[in-house]
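This is what each chain is made of:
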Amino acid sequence: MVEIATVMLEFIVVFLLIYFFYYIFLFKKLKKYDRKKSPVNIKYLVLRYNLDIVKIGYKRVFKTLMLSDSFIVAFMFTITRFIDNIYVRLIVCFILIFPLFAGVYHMVATYYKKECE
């Protein structure tokens, strides 16, 4: 039971650290939406799912992606926490990161698509 609590606490700490890092270094410097200067994750949503970022709200989408990216990093840290060998841990992260990003970004895009309708 104590082990589960420590794992959950580590997940929360990593999630909050990544989220505050994003907030301080990226969200504070956020300007108006410019298609050419937007981050890669927003460009991905626009190109892949044809989202109208201006209609939804640039800062709102960016906040949602900050939360989802923080969740992905914390989840990867928690999942690979039990692997002691650093090389195996990196390989597992590399294998899991792409489906995890695709799945989470797909959920975000479908949420915003349903909201815009």
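Note that the structure is predicted; figures quoted are calculated from it, not measured.

Cut-offs and rules
Residues numbered from 1 in each chain as written. Predicted model: local features only at pLDDT ≥ 70, side-chain atom pairs only at ≥ 80, totals over all residues. Heavy atoms only, no water. Phe/Tyr/Trp six-rings, centres within 6.5 Å; stacked < 30°, edge-to-face > 60°. Helix = DSSP H or I, 4+ residues; strand = E, 2+ residues; numbered from the N terminus. Buried < 20%, exposed > 50% of the residue type's maximum accessible area, 1.4 Å probe, protein only. Lys NZ or Arg CZ within 6 Å of the ring centre and 35° of its normal. Salt bridge = Lys/Arg side-chain N within 4 Å of Asp/Glu carboxyl O. Axes fitted to C-alpha atoms, helices over the stretch in contact; angles between N-to-C directions. Left-handed = near helix turned anticlockwise from the far one by under 90°. Contact = heavy atoms within 4.5 Å. Expected span 1.5 Å × (residues − 1).

1. What about the packing of aromatic side chains?
Reasoning step 1: All told, the structure shown has 15 aromatic pairs when counted by the stated rule.
Reasoning step 2: Here the aromatic rings of Phe94 and Phe98 are separated by 5.3 Å at their centres, their planes lie at 90 degrees, and the arrangement is edge-to-face. Of this pair, Phe94 and Phe98 both sit in helix H5 (residues 86–116), four residues apart, which is roughly one turn of that helix.
Reasoning step 3: Residue classification places Phe94 among the exposed residues on the basis of a relative accessible area of 56%.
Reasoning step 4: With relative accessibility at 52%, the residue Phe98 sits in the exposed group.
Reasoning step 5: Among the aromatic residues, those joined into a cluster by ring pairs are Phe11, Phe15, Tyr19, Phe20, Phe71 and Phe75.
Reasoning step 6: Directly above the ring of Tyr49 sits Arg48, whose terminal nitrogen or CZ lies 5.3 Å from the centroid.

2. Some words on the pattern of salt bridges
Reasoning step 1: All told, the structure shown has three salt bridges when counted by the stated rule.
Reasoning step 2: Across the pair Glu3 and Arg81 runs a salt bridge whose closest N-O atoms are separated by 3.7 Å. Within this pair, whereas Glu3 is found in helix H1 (residues 2–27), its partner Arg81 is found in the loop between helix H4 (58–79) and H5, the two being separated by 78 residues in sequence.
Reasoning step 3: For Arg81, a relative accessible area of 23% translates into the label partly exposed.
Reasoning step 4: A single network of salt bridges, built from pairs that share partners, joins Glu3, Glu10 and Arg81.

3. Looking at the packing of helix H2 (residues 40–49) against H5
Reasoning step 1: Interaxial distance between H2 and H5 falls to 11 Å at its minimum, and their mutual angle equals 65 degrees. With respect to the hand of their crossing, H2 and H5 are arranged in right-handed fashion. Residue-level inspection shows Asn41, Tyr44, Leu45 and Tyr49 of H2 in contact with H5, the latter providing Ala102, Tyr105, His106, Val108, Ala109 and Lys113.

4. Re H1
Reasoning step 1: Here H1 contains 26 residues, and its C-alpha end-to-end distance of 36 Å stays within 8% of the 38 Å for a straight helix at 1.5 Å per residue.
Reasoning step 2: Residues of H1 that are buried in the fold lie against H4.

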